[in-house]
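Chain by chain, the residues run as shown.
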Amino acid sequence: MLERLRIVLIGTSHPGNIGGAARAMLNMGLADLALVAPRCQVQCQESASRASGADTLVASAQVHESLEDAVADCSLVVGCSARSRNLPWPMITPRAFGATLADEIRLPDARVAIVFGREDSGLSNEELQRCHRHVHIPTNPDFSSLNLAAAVQVLAYECRQAWLAEQEAAGETPRAEDDQPFGIDWDSPLASHADLERLFEHLEKTLISIDFLDPEQPRQLMARLRRLYLRARPDSMEINILRGILSAVDKQARQAQAAADSRAH
Ligand code: SAH
């Protein structure tokens, strides 16, 4: 379970925080570290000194240009945020997130990403809108922002506690699999982040072509649709059906346009 968890740090500006996050991860048995467009040197004396022995994780960290690349293969992506945003998103605590992990990871090839933001500005709305869930560490509301590596520590700790509880339970009574909403008997694997992004891209194009979405005045339409689909956790078959519907709409729209053009001539 812990090997399939990825910690993603976006735009980190202090090498010490990369080292600190690596140490927090290794302490809790996590090893998959991804860095998106770091704004500092990754392997240097400062990161090594804060990693204090977990330097291998820093050295093996995958560096990506975009969040999409870093989480393309993940079927669950959660974004950690210290602040609430304009458009409320499904919000959970680190503990509640840990409690869902065993079921998430039981699925074939499931990968889960936990995304952390920049020290100065956190995660952008656009980045947060790519996440299925937001995780908020319940802190003092008047002073809610943790140091980046400390936030990684809290999440990694809760994941380890959940894993330990799972190990213990596995040694005792067998689980009632049929109570699990996406248990091993689910008939199709959950959609990956990349599948979902392709759906959103297609949906946006179609909605523009049928004049439902005005690109000059998009308001929050795509953000609300993202929230809807991400909340539902579609599987790959459902994504294929939705894309099929969009292609049929595209075809009808092209035919209607062609008919209108020929009438005009
Ligand atoms: N100043 C930034 C916070 C940066 S802290 C802001 O106002 O958004 C760096 C990162 O640590 C955040 O982007 C978030 O991923 C994580 N973090 C810090 N405090 C957190 C909290 N209370 N709950 C969840 N994540 C938190």
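Residues numbered from 1 in each chain as written. Predicted model: local features only at pLDDT ≥ 70, side-chain atom pairs only at ≥ 80, totals over all residues. Heavy atoms only, no water.

Per an unreviewed UniProt entry, the protein goes by tRNA (cytidine/uridine-2'-O-)-methyltransferase TrmJ and derives from Cobetia crustatorum. Under the UniProt heading Sequence similarities (unreviewed entry), the entry covering the protein gives this text: "Belongs to the class IV-like SAM-binding methyltransferase superfamily. RNA methyltransferase TrmH family." The UniProt entry for the protein carries the following text under Subcellular location (unreviewed entry): "Cytoplasm". (UniProt positions renumbered as here; feature names shortened; annotations may be inferred.)

Caption draft 1: Layout of the pattern of salt bridges. Under the definition given, this model contains 10 salt bridges. Across the pair Asp-120 and Arg-39 runs a salt bridge whose closest N-O atoms are separated by 2.9 Å. Of this pair, Asp-120 sits in the loop between strand S6 (112-116) and helix H6 (125-128) while Arg-39 sits in the loop between strand S2 (32-36) and helix H2 (45-51), placing them 81 residues apart in sequence. With a relative accessible area of 57%, Asp-120 lands in the exposed category. Between Arg-226 and Glu-197 there is a salt bridge, with its nearest N and O atoms 2.8 Å apart. Of this pair, Arg-226 sits in helix H9 (residues 221-232) while Glu-197 sits in helix H8 (residues 193-209), and the two are 29 residues apart along the sequence. (Salt bridge = Lys/Arg side-chain N within 4 Å of Asp/Glu carboxyl O. Helix = DSSP H or I, 4+ residues; strand = E, 2+ residues; numbered from the N terminus. Buried < 20%, exposed > 50% of the residue type's maximum accessible area, 1.4 Å probe, protein only.)

Caption draft 2: Structural context of the layout of surface pockets. One number sums up the size of the largest pocket: a volume of about 440 Å³. Every residue lining the largest pocket is counted, 25 residues in all, and those nearest its centre are Ala-82, Arg-118, Gly-122, Ser-145 and Leu-146. Counting residues per element, the lining of the largest pocket draws most heavily on helix H7 (residues 148-171), at 3 residues. (1 Å grid on protein atoms, 1.4 Å probe; cavity = no way out; pocket = protein on both sides within 12 Å on 5 of 7 lines; lining within 4 Å. Points joined across faces, edges and corners; volume = space filled by probe spheres on them.)

Caption draft 3: Examining the nonpolar core more closely. Counting 40 residues, the largest nonpolar core has Leu-5, Ile-7, Leu-9, Phe-97, Ile-114, Phe-116 and Val-152 as its most contacted members. Of all the secondary-structure elements, those providing two or more residues to this core are strand S1 (5-10), helix H1 (15-27), S2, helix H3 (55-59), strand S4 (76-80), helix H5 (94-106), S6 and H7. In terms of residue count, the dominant contributor to this core is H7 (7 residues). Not counting chain neighbours up to four residues away, the residues in contact with Val-152 comprise Ile-7, Leu-9, Ala-21, Ala-24, Met-25 and Phe-116. Counting residues in each nonpolar core, the second largest holds 16 residues, with Leu-87, Leu-203, Leu-213 and Met-222 among its members. (Core = buried A, V, L, I, M, F, W, Y, C linked by side-chain atoms within 4.5 Å. Contact = heavy atoms within 4.5 Å.)

Caption draft 4: Layout of the packing of aromatic side chains. Applying the stated criterion across every chain yields a total of 1 aromatic pair. Here Phe-200 and Tyr-229 contribute two aromatic rings whose centre-to-centre distance is 6.4 Å and whose plane-to-plane angle is 50 degrees, an arrangement assigned as tilted. You can see Phe-200 sitting in helix H8 and its partner Tyr-229 sitting in helix H9, a full 29 residues away along the chain. A relative accessible area of 3% means that Phe-200 is categorised as buried. (Phe/Tyr/Trp six-rings, centres within 6.5 Å; stacked < 30°, edge-to-face > 60°.)

Caption draft 5: Representation of the domain arrangement of the protein in the model. Each domain of the protein was delimited in the assignment, giving domain 1 (2-181) and domain 2 (187-264). Averaged C-alpha coordinates put domain 1 and domain 2 at centres separated by 30 Å. On the domain 2 side, the residues contacting the 19 residues of domain 1 number 15 residues. Looking at the side of domain 1 facing domain 2, the largest losses of area belong to Leu-87, Arg-130 and His-132, adding up to 33% of the total buried there. Scanning the region where domain 1 abuts domain 2 turns up 2 salt bridges. For Arg-233, the salt bridge is made with Glu-104, and the minimal N-O distance between the two is 2.7 Å. Taken together, domain 1 and domain 2 are joined by 7 residue pairs in polar contact (both at pLDDT 80 or more). Secondary structure elements with two or more residues in the side of domain 1 that touches domain 2: helix H4 (67-71) and S4. Its residues assigned to classes, the side of domain 1 that touches domain 2 comprises 11 nonpolar, 3 polar and 5 charged. (Domains from an automatic or database assignment. Buried area = accessible area lost by both parts, 1.4 Å probe. Polar contact = N/O pair within 3.5 Å; in protein donor to acceptor, adjacent residues only side chain to side chain. Nonpolar A, V, L, I, M, F, W, Y, C, P; charged D, E, K, R; others polar.)

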